[in-house]
Amino acid sequence: MAIDTSRAETGYVHPSAAALKRRRIRLGDTLFRLALQFCLFVAFAFLASLIIYVLIAGWNRLDLRLVTNMPSGLASRADESGLQSALTGTLWVITLTALMCLPTGIAAAIYLEEYADNTRWYNRFLELNIQNLAGVPSIVFGILGLGIIARVFGLGFTIITAAIVLSLLVLPVVIIATREALRAVPPSIRLGSYALGATKWQTVRRQVLPAATSGTATGAILALSRAIGEAAPLILLGAVTFVRFNPEGISSRYTVLPIAIFNLIKSPQAELQELASAGIVLLLIILLLMNSIAIVIRNRAGKIR
Amino acid sequence: MSVTELGSRAPAPQPMRLGRRGNRAGERGVEVLLFIAATVGVLTTVGIIIALVFPTIDFFGDVSIVEFLTGDSWTPLFADKEYGVLPLLVATLVVTAIATLIAVPLGLGAAIYLAEYARPKVRSALKPMLEVLAGIPTVVYGFFALVAIGPLIRDYWPGGDKPSFQNLLIASIAMGIMIVPTVASLAEDAMTAVPRSLRQGAFALASSRMQVATRVVFPAALSGIVAAIVLGISRAIGETMIVTIAGGLISDRVLFNPIEGSATMTAFIASAGQGDLPLGTVEYKSIFAVGALLFIITFALNIVSFRLVRRFREVYE
């Protein structure tokens with residue numbers, strides 16, 4: 001009796017058939033899992049070989065010459081060529097970009113998340129527009145810079161033009177990340193603040209924004225690291241010219257690291273190819289540092305919550 | 001970042017109407033300032049459209065739109081100028097197709113693994129690495145394609161015609177890897193949005209993990225997955241540096257063969273824009289005409305992608 005009921009519950013199948021079926025499923029499952037892991041493996045193997053390649057190819061030039069010397073125009077002096085003007089150019093452009101796009105982006109995110117009434121068509125339009133802007137190719141922003149900012153506004157091929165274009169390019173990234181951070185702040189914090197008689201702006205300024213700091217900072221860092229690596233729009237904005245001096249102000253001519261690397265790649269000389277690899281290592285170190293700061297901020301925030 | 005780009009359509013939290021307004025100096029002013037900041041994005045779009053439209057209209061005063069769309073030679077920088085956009089368009093399509101063929105299986109495989117198989121600890125270790133891959137500047141991808149992938153492929157090329165120094169194949173491979181994180185993170189988002197109950201139901205019916213992933217979660221997340229692919233395609237079409245560095249710059253004839261070098265739309269814009277083309281000439285305006293075509297194509301793809309994302313969000317939220 002007891003045996004019979006247990007059979008009825010489990011649905012009796014002949015032992016060998018059951019084993020066979022289970023094994024077949026397991027084999028398929030294992031192969032599938034391996035195939036999935038292989039997909040990730042390919043991506044990471046590419047990443048690893050890329051990093052190892054540029055490290056080996058640029059090893060001889062990874063020293064202080066890279067940051068203390070200016071690029072040399074003479075083929076015979078390629079050995080002493082460095083990337084100082086590109087590094088200072090990048091610092092100038094990114095600092096200005098941060099000064100312009102972070103306040104604007106954070107303010108826009110506050111409006112959309114805390115103030116905007118979603119039933120109004122113009123607010124939905126603002127939102128749709130930002131999503132769209134995030135998908136516009138970066139070279140099209142270069143065309144905006146070339147056609148409007150450099151020519152119509154008359155700012156020319158200067159640092160300020162480059163910084164404005166990069167700010168507009170990464171603005172959607174800042175806005176979207178900041179909105180996510182604001183949305184993650186629990187409504188109870190806002191309600192508590194209102195209950196104590198705070199106004200809307202006091203609540204946003206003193207309660208919501210501080211609570212969203214880590215998410216906002218992460219988004220800001222990711223946006224700026226995208227701006228640092230961006231080359232396409234600046235090609236149209238005069239950054240390709242050979243620059244042997246550090247920028248002196250916002251209306252100075254300039255070049256930036258990714259563009260300097262692009263120029264070196266185009267040259268046939270082996271020494272300059274080596275310098276290109278070293279420049280890439282420098283660029284990747286800067287980006288990895290920024291990325292890891294972002295990850296640390298995010299992890300710490302995760303632990304506190 | 002592409003993960004979060006599409007996620008911003010949640011309803012605004014309602015308690016915000018509770019705050020006292022207008023009874024404190026500046027309260028209204030702040031709101032106006034914030035609103036102005038939010039309109040910068042619209043001004044950017046308007047700026048882009050103005051920057052593209054006027055030179056493009058001018059361009060079509062000099063070159064007929066039929067010649068532009070059907071001509072099979074693009075040589076604005078030659079003495080004998082021809083303005084048929086087909087070579088650029090075909091090269092763009094070839095690169096995009098190969099890059100998509102590489103990125104879709106890899107990206108979806110990675111996404112299924114991360115969403116359905118990886119334990120939380122493994123996932124939190126792998127996702128930052130995908131972000132690093134996404135954060136590598138495209139100049140670096142182009143350089144790697146030209147100096148590492150190119151020679152490797154030439155050495156092991158089976159056929160008689162060796163690939164040329166710059167060719168669309170190596171650019172496509174690098175670009176395929178470049179868009180893997182885009183496809184993977186968006187597709188993973190779509191799959192994690194599938195309710196747990198669907199999985200539990202399938203497991204209760206004795207499905208294996210693979211069956212749950214391929215027959216339950218994948219179909220349920222399909223519109224989001226298609227959106228991820230469409231966005232990946234849109235990124236591939238708009239990518240500039242990889243094709244400029246590694247893809248070649250020939251555009252006087254239509255080339256379907258990926259082992260030859262050929263200029264894409266973006267590669268033309270970048271290479272023509274480097275030199276100081278004299279303002280007002282047809283060749284200068286041609287940059288804007290190609291830019292307008294590029295903008296229209298990517299805009300259409302982005303709209304398709306948003307629509308699909310919204311659909312899967314509506315079903316499960």
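Everything numeric in this text was worked out from a predicted model, so none of it was measured. (Residues numbered from 1 in each chain as written. Chains lettered and ligands numbered in written order. Predicted model: local features only at pLDDT ≥ 70, side-chain atom pairs only at ≥ 80, totals over all residues.)

**Let's talk about the environment of Ile149(A)**
Residues and elements named next belong to chain A.
Turning to step 1, where the next piece is worked out: Mapping Ile149 onto the fold places it in helix α6 (residues 138-152).
Turning to step 2, where the next piece is worked out: On the basis of neighbour counts, which here come to 23 C-beta atoms within 10 Å, the residue Ile149 falls in the buried class.
Turning to step 3, where the next piece is worked out: When sequence neighbours within four positions are dropped, the list of residues in contact with Ile149 reads Leu144, Leu155, Thr161, Ile164 and Val165. (Helix = DSSP H or I, 4+ residues; strand = E, 2+ residues; numbered from the N terminus. Buried ≥ 20, exposed ≤ 12 C-beta atoms within 10 Å, placed from the backbone. Contact = placed C-beta atoms within 7 Å.)

**Quick notes on the interface of chain A and chain B**
Turning to step 1, where the next piece is worked out: In this complex, chain A contributes 84 residues to the contact, which on the side of chain B involves 82 residues.
Turning to step 2, where the next piece is worked out: Among the elements that take part in the side of chain A that touches chain B, helix α2 (residues 15-58) of chain A stands out by supplying 17 residues, more than any other.
Turning to step 3, where the next piece is worked out: Partitioning the side of chain A that touches chain B into residue classes produces 57 nonpolar, 17 polar and 10 charged. (Nonpolar A, V, L, I, M, F, W, Y, C, P; charged D, E, K, R; others polar.)

**Concerning the domain arrangement of chain B**
All names here are of chain B.
Turning to step 1, where the next piece is worked out: According to the domain assignment, chain B contains domain 1 (21-62) and domain 2 (69-316).
Turning to step 2, where the next piece is worked out: On the side of domain 2, eight residues touch domain 1, which itself brings six residues to the contact.
Turning to step 3, where the next piece is worked out: Residues of the side of domain 1 that touches domain 2, tallied by class, amount to three nonpolar, one polar and two charged. (Domains from an automatic or database assignment.)

**Observations regarding the nonpolar core**
Turning to step 1, where the next piece is worked out: By size, the foremost hydrophobic cluster in this structure holds 198 residues, and its most contacted members are Val174(A), Ala145(B), Ala174(B), Val183(B) and Ile242(B).
Turning to step 2, where the next piece is worked out: Looking at which element gives the most residues to this core, the answer is helix α7 (residues 159-183) of chain A, with 18 residues.
Turning to step 3, where the next piece is worked out: If we ignore the near neighbours within four places in the chain, the residues touching Val183(B) are Ala103(B), Val104(B), Gly107(B), Leu108(B), Ala228(B), Ile229(B) and Gly232(B). (Core = buried A, V, L, I, M, F, W, Y, C linked by C-beta atoms within 7 Å.)

**Examining the packing of helix α4 (residues 84-115) of chain A against helix α2 (residues 27-62) of chain B**
Turning to step 1, where the next piece is worked out: Put simply, α4(A) and α2(B) touch, their axes get as near as 7 Å, and they point 110 degrees apart. On the basis of their axis angle, the class for α4(A) and α2(B) is roughly perpendicular. Judged by the sense of rotation from one axis to the other, the crossing of α4(A) with α2(B) is left-handed. The residues of α2(B) that touch α4(A), namely those facing Thr104(A), Ala107(A), Ala108(A), Ile110(A), Tyr111(A), Leu112(A) and Tyr115(A), are Glu31(B), Leu33(B), Leu34(B), Phe35(B), Ala37(B), Ala38(B), Val40(B) and Gly41(B).
Turning to step 2, where the next piece is worked out: Tallied by class, residues from the contact of α4(A) with α2(B) come to 12 nonpolar, two polar and one charged. (Axes fitted to C-alpha atoms, helices over the stretch in contact; angles between N-to-C directions. Parallel < 35°, antiparallel > 145°, perpendicular 65-115°, else oblique. Left-handed = near helix turned anticlockwise from the far one by under 90°.)

**Side note on the domain arrangement of chain A**
Residues and elements named next belong to chain A.
Turning to step 1, where the next piece is worked out: Along its sequence, chain A is organised into domain 1 (14-61) and domain 2 (68-304).
Turning to step 2, where the next piece is worked out: Placing a centre on the C-alpha atoms of domain 1 and another on those of domain 2 gives a separation of 35 Å.
Turning to step 3, where the next piece is worked out: Listed as interface residues are six residues of domain 1 and, on the opposing side, six residues of domain 2.

**So, helix α7 (residues 168-192) of chain B**
Residue and element names in this part refer to chain B.
Turning to step 1, where the next piece is worked out: Its 25 residues place the ends of α7 35 Å apart at the C-alpha level, agreeing with the 36 Å of an ideal helix rising 1.5 Å per residue.
Turning to step 2, where the next piece is worked out: Of all the bends found along α7, the most pronounced is centred on Ile179 and spans about 35 degrees, while Pro181, a proline, follows it within four residues.
Turning to step 3, where the next piece is worked out: A large share of α7 lies buried, amounting to 24 of its 25 residues. (Expected span 1.5 Å × (residues − 1). Bend = angle between axes of the 7 residues up to and from the residue.)

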